[in-house]
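A closer look at the structure
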Amino acid sequence: MERIKMCAICGIKIAKYTCTKCGALVCEDCFDKRKMLCISCASGLKA
Ligand SMILES: [Zn+2]
Ligand SMILES: [Zn+2]
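Notes on the structure follow. If you're wondering where the values come from, they're calculated on a predicted model, not measured in any experiment.

Procedures and definitions
- Residues numbered from 1 in each chain as written.
- Chains lettered and ligands numbered in written order.
- Predicted model: local features only at pLDDT ≥ 70, side-chain atom pairs only at ≥ 80, totals over all residues.
- Core = buried A, V, L, I, M, F, W, Y, C linked by C-beta atoms within 7 Å.
- Buried ≥ 20, exposed ≤ 12 C-beta atoms within 10 Å, placed from the backbone.
- Contact = placed C-beta atoms within 7 Å.
- Helix = DSSP H or I, 4+ residues; strand = E, 2+ residues; numbered from the N terminus.

With that settled, consider the nonpolar core. Side chains of a nonpolar character, in soluble globular proteins, are inclined to be buried together. Listed in full, the 9 residues of the largest apolar core are Cys7, Ala15, Cys19, Val26, Cys27, Cys30, Phe31, Leu37 and Cys38. Non-local contacts of Cys27, meaning those with residues more than four positions away in its chain, are made with Cys7, Cys10, Lys13, Ile14, Ala15 and Lys16.

See below:
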């Protein structure tokens, strides 16, 4: 059993960050550090 959480978006990398909007655990590639959001929330965000 692995305790490592995988990225909720790509599912292939280790999740290191948590989206401040949806709470998804995502990897660095799927996280916008400037916005503190996952790429899903960041790309769907207006303004
Ligand atoms: Zn990812
Ligand atoms: Zn999100």
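Time to look at the environment of Phe31. Along the chain, Phe31 falls in strand S3 (residues 31-32). Placed 16 residues apart in sequence, Phe31 and Ala15 show a C-alpha to C-alpha distance of 9.5 Å. In this view, Phe31 contacts Tyr17, Val26, Cys38 and Ile39; residues no more than four positions away in its chain are not counted.

None of this, on its own, says anything about what the molecule does.
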